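Each chain, written out:
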Amino acid sequence: MKNKLVILTFFAGLSFGFAQNTSDFFTAADAFFKANVSNGKVAYADIKDNPKSLNTLVNLAETISISKNDAKTYQAFWINVYNIYVIKGIIDNYPVKSPLDKAGFFDKTTYNIAGETLTLNAIENQKLRAQFEDARFHFVLVCGAVGCPPLINEAYTPDTLEAQLQEQTEIALNNPKFIKITKNRVSLSEIFKWYKEDFIKNGNEIDFINTFRREKIEAGAKISYYTYNWALNNQQ
């Protein structure tokens, strides 16, 4: 009986430690985004001059243990991690005019995160898209470019994640600069072309978009895709 109590106490301590680590990470991430993001733009020059808060986040992310069993914590962690490491990748190469100025920015450069070695593409595709069928991820994962949906100035957290996913998707899909409509034609971000399979699971792209729009698009509207703007989402 005594041995069982010792084992239970040990695992309870581990669980508390993991929860404490993720709590510290979400708190630090929230402070970082609030200090460095405004109107969807990032203060890259300021972060480059004073990288302490970014380095703190990176150090926390390296040591965290995260389980898919706690889906909301898992999703919130990897969404924040993606956005943070996009910023880190840009800071590591700053000044740049676009994330694409660095060859392999998304698919070659690796980072040590939560005990694994991952690229940005691996975070998006393996940690999130492959694990959960939720196309709303595309409106919260921000690739460091003006063409992306805007980066918010707060962290995604387990308690607020559902509301944040819904809100950011609605903001993007009701934005006339993101969904461009002319008569019976609709011009979509290339996000809808690159990840088409995510948006047609329950119909077509228009069906998906109309789920979140106040003014619905006609079902027979002709779809085209406008060129993605890869210019850096930099505060001027």
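Residues numbered from 1 in each chain as written. Predicted model: local features only at pLDDT ≥ 70, side-chain atom pairs only at ≥ 80, totals over all residues. Heavy atoms only, no water.

Regarding the state of the cysteines
Piece 1. Within this structure, the stated rule accounts for one disulfide.
Piece 2. With a sulfur-sulfur separation of 2.2 Å, Cys-143 is cross-linked through a disulfide to Cys-148. A torsion of -95° about the S-S bond marks the disulfide between Cys-143 and Cys-148 as left-handed. (Disulfide = S-S within 2.5 Å.)

Examining the sheet that holds strand 7 (residues 222–226)
Piece 1. Read across the sheet, three strands follow the order 5-6-7 without closing on themselves; strand pairing throughout is mixed. Every interior strand has two partners, whereas the edge strands, strand 5 (180–182) and strand 7, have only one. On average, each strand axis in the sheet is inclined to that of its neighbour by 25°, with strand direction left out of account. (Pairing = 2+ DSSP bridges. Helix = DSSP H or I, 4+ residues; strand = E, 2+ residues; numbered from the N terminus. Axes fitted to C-alpha atoms, helices over the stretch in contact; angles between N-to-C directions.)

Brief notes about the side chain of Gln-168
Piece 1. The topology assignment puts Gln-168 in helix 6 (residues 161–173).
Piece 2. Classification of Gln-168 by relative accessible area gives buried; the value is 7%.
Piece 3. Beyond its immediate sequence surroundings of up to four residues, Gln-168 is in contact with Phe-139, Val-140, Pro-150, Ile-152 and Tyr-156. (Buried < 20%, exposed > 50% of the residue type's maximum accessible area, 1.4 Å probe, protein only. Contact = heavy atoms within 4.5 Å.)

Considerations on the packing of helix 3 (residues 52–63) against helix 4 (residues 71–93)
Piece 1. Interaxial distance between helix 3 and helix 4 falls to 11 Å at its minimum, and their mutual angle equals 130°. Considering their axes alone, helix 3 and helix 4 lie oblique with respect to each other. The element helix 3 and its partner helix 4 pack so that their crossing is left-handed. Every residue of helix 4 that contacts helix 3 at Leu-54, Leu-57, Val-58, Ala-61 and Glu-62 is listed here: Phe-77, Val-81, Ile-84, Tyr-85, Lys-88 and Ile-91.
Piece 2. When the residues that make up the contact of helix 3 with helix 4 are grouped by side-chain class, the tally is nine nonpolar, no polar and two charged. (Parallel < 35°, antiparallel > 145°, perpendicular 65-115°, else oblique. Left-handed = near helix turned anticlockwise from the far one by under 90°. Nonpolar A, V, L, I, M, F, W, Y, C, P; charged D, E, K, R; others polar.)

Remember that the coordinates give geometry; whether it matters functionally is a separate question.
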